[in-house]
Amino acid sequence: MNIFGIQLVITTALSTNIQNGCQSIKSTNVCAPWSSNDLYIDTITLSKVYSHPKQSIFSVDDWEKHVLETTSGGPIQQSMWRNWVQCSGYKGEHIQYHRSYVCLTDIFVLSTRCNSHQLNITPLCSDSCNHYGNALQSMITNRDICPPVSNSHIKPDIDKRRSVLLQATSSCRQLSHMNFFDSNSTCMNGVQSDYESCGFGGHVNLGANFCTQNPNTSCCNHLVKDTRQEANAGLISMFQRTMMIWEVPSQQQSDDTTQNIQFFSSPLFFIGLVSVGIIIIGIVGIVIFHKPVKPKSKKLTQSRASIDSINERVKEMIKEFIPGNQYLALYDYEKVLEDELDLFIGDILIVNTMNDDGWGDSHNMTRKTKGKVCLSFLEPL
């Protein structure tokens, strides 16, 4: 069962006479920075909510592994959504801020009895809840992804679950105003991995791609700020290394006495200092005033002639190819033939067919385009 069924199972789970099962999450990272507080999870309740024939949650490590697997995209997350809400067209794409919502419900709803003491926790921002709700609504209302349920035996349950998902925005906001949270505190844009990637579970490239298309989104400001801080840190480190090289004392020795003449007093030092200053000012100017632009294609080309021209990695990918799998674009590519696809680094594609030459028919989910693409430009998700 998925965490979105909490409204259906929480009453039963918490009515059981539970005497133990509260485990601290300080040793975990998946829900940081919340995990740095004095918080616990109720492993007994969570094992019932996450019940699965092959997996039960008994420890905090099991729980962290399960949260990572079901919020990182890919086959496990794909299977979860296909089973729980019958979204047969879902391919395991990342759902924005899904991890933050899972942490929110697991810690502050399903583990309420373990965290009954008053806490002043930083709440989740409303913008994050909005993005999460919008992502779910786009998926649930898409008939290609979540087609109508024809089985009359399961239809009522599936329809009820989908209805719960469509209320995710308001549900998320209400949870963020529980008494655990400090109403006077500045909110946070998701747990740490979501904060670093605009809600994509630590996949910074997906967050950057999202910000290219939605530059005015608040979480994109964090990505730009963090990038500039890294650049400035690199400049400081470069300056320190440069000064260590140039700060070599020059010595001259007279007939009677030895005088230590520091390099700081030599003309060469001032010339070097001015040169370094000009370089640093130029780089800082580029970092501060640079405006992101759409990346130009590297105009990569690939022959369709023969499998012999494909490297060993691509040969293995062809052998293991499964129609409908997701791939990540590793390079920019400007199409040469009319039936090919333009690619940009970070694009998400679904490849439906594959030929022996390494080219196949695909659907660029990011650009909403279709055409042929070569596996040598891609990496499976």
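If you're wondering where the values come from, they're calculated on a predicted model, not measured in any experiment.

### Observations regarding the overall build of the protein chain
Link 1 in the chain: Scanning the protein chain from terminus to terminus reveals 13 helices and nine strands.
Link 2 in the chain: Evaluated residue by residue, the protein chain yields a buried proportion of 43% over its 381 residues.
Link 3 in the chain: The contacts in the protein chain between residues at least 6 apart in sequence include a share of 64% that link residues at least 24 apart.
Link 4 in the chain: Accessible surface, the protein chain: about 20700 Å² in total, of which carbon and sulfur atoms supply 54%.

### A closer look at the state of the cysteines
Link 1 in the chain: Tallying each qualifying case throughout the model produces seven disulfides.
Link 2 in the chain: Covalent S-S linkage joins C22 and C114, the inter-sulfur distance amounting to 1.9 Å. With the S-S bond torsion at -75 degrees, the cross-link from C22 to C114 turns out left-handed. Placement of the pair is C22 in strand β1 (residues 22-24) and C114 in the loop between α5 (98-108) and α6 (126-140), with a sequence separation of 92 residues.
Link 3 in the chain: The disulfide partner of C125 is C187, and the gap between their sulfur atoms is 2.0 Å. Given an S-S torsion of about 90 degrees, the disulfide between C125 and C187 has right-handed geometry. Linking C125 in the loop between α5 and α6 with C187 in the loop between α8 (168-175) and α9 (192-195), this pair joins segments that are 62 residues apart in sequence.
Link 4 in the chain: A relative accessible area of 7% places C125 in the buried class.

### Points about the confidence of the model for the protein chain
Link 1 in the chain: Averaged over every residue, the pLDDT of the protein chain is 76; residues scoring 70 or more account for 71%.
Link 2 in the chain: Of the regions scoring below 50 in pLDDT, residues 244-261 engages in 18 contacts with residues more than four places distant in sequence or in other chains.

### Notes on the sheet that holds strand β9 (residues 378-380)
Link 1 in the chain: Read from one edge of the open sheet, five strands run β8-β7-β6-β5-β9, paired in antiparallel fashion. Looking at which strands have only one partner, the edges of the open sheet turn out to be β8 (369-374) and β9. When strand polarity is set aside, the average angle formed by the axes of neighbouring strands in this sheet is 40 degrees.
Link 2 in the chain: Of the pairings in the sheet, the one linking strand β6 (residues 348-351) to strand β7 (residues 359-364) comprises three bridges and is antiparallel in character. Bridge assignment links I350 to a residue of β7, and that residue is H363.

### Describing the pairing of β7
Link 1 in the chain: Bridge count between β7 and β8: six bridges; the pairing is antiparallel. Bridging across to β8, N364 finds its partner in T369.
Link 2 in the chain: Between β7 and the antiparallel strand that follows it, β8, lie four residues; K368 among them carries a positive phi value of about 60 degrees.

### A look at the pairing of β6
Link 1 in the chain: The side-chain alternation of β6 yields two buried faces, one formed by I348 and I350 and the other by L349 and V351.
Link 2 in the chain: Judged from the four bridges that link them, strand β5 (residues 325-329) and β6 form a sheet pairing that is antiparallel. Bridge pairing in β6 places Y327 opposite L349.

### Section: helix α4 (residues 75-85)
The α-helix advances 3.6 residues per turn, and as a result positions three or four apart in sequence lie on the same side.
Link 1 in the chain: Residues of α4 that are buried: Q77, Q78, M80, W81, W84 and V85. Looking straight down α4, one finds its buried side chains confined to an arc of 160 degrees; they lie on one side. Facing away from the buried side of α4 by more than 90 degrees, the exposed set consists of P75 and N83.
Link 2 in the chain: Packed against the buried residues of α4 are α3 (60-70), α5, α6 and α7 (155-165).
Link 3 in the chain: Remark: Q86 follows α4 within two positions and exhibits a positive phi of approximately 55 degrees.

### Topic: the side chain of T28
Link 1 in the chain: Structurally, T28 is set in the loop between β1 and β2 (40-42).
Link 2 in the chain: For T28, a relative accessible area of 1% gives the class buried.
Link 3 in the chain: At a separation of 2.6 Å, a polar atom in the side chain of T28 contacts the main-chain carbonyl oxygen of I25.
Link 4 in the chain: Excluding its chain neighbours within four sequence positions, the residues that come into contact with T28 are S35, V60, W63 and E64.

### Overview of the packing of aromatic side chains
Link 1 in the chain: Scanning the model with the defined rule gives seven aromatic pairs in all.
Link 2 in the chain: With a centroid separation of 5.9 Å and 55 degrees between ring planes, the pair formed by F200 and F210 is classed as tilted. Linking F200 in the loop between α9 and α10 (204-213) with F210 in helix α10, this pair joins segments that are 10 residues apart in sequence.
Link 3 in the chain: Of the residues examined, F200 reaches a relative accessible area of 13% and is grouped as buried.
Link 4 in the chain: Here the aromatic cluster, defined as three or more aromatic residues joined through ring pairs, consists of Y333, W359 and F377.

### Remarks on the nonpolar core
Link 1 in the chain: By size, the foremost hydrophobic cluster in this structure holds 54 residues, and its most contacted members are W34, W63, W81, L104, F108, L136 and M139.
Link 2 in the chain: Among the elements that line this core, the one with the most residues is α5, at six residues.
Link 3 in the chain: Among the nonpolar cores identified, the runner-up in size contains 18 residues, and L341, L349, V351 and L375 belong to it.

Each value, and the rule that gives it
- Residues numbered from 1 in each chain as written.
- Predicted model: local features only at pLDDT ≥ 70, side-chain atom pairs only at ≥ 80, totals over all residues.
- Heavy atoms only, no water.
- Helix = DSSP H or I, 4+ residues; strand = E, 2+ residues; numbered from the N terminus.
- Buried < 20%, exposed > 50% of the residue type's maximum accessible area, 1.4 Å probe, protein only.
- Contact = heavy atoms within 4.5 Å.
- Areas by Shrake-Rupley, 256 points an atom, 1.4 Å probe, with all protein chains shown as cover.
- Disulfide = S-S within 2.5 Å.
- pLDDT = per-residue confidence, 0-100.
- Pairing = 2+ DSSP bridges.
- Axes fitted to C-alpha atoms, helices over the stretch in contact; angles between N-to-C directions.
- Arc of directions from axis to C-beta.
- Polar contact = N/O pair within 3.5 Å; in protein donor to acceptor, adjacent residues only side chain to side chain.
- Phe/Tyr/Trp six-rings, centres within 6.5 Å; stacked < 30°, edge-to-face > 60°.
- Core = buried A, V, L, I, M, F, W, Y, C linked by side-chain atoms within 4.5 Å.

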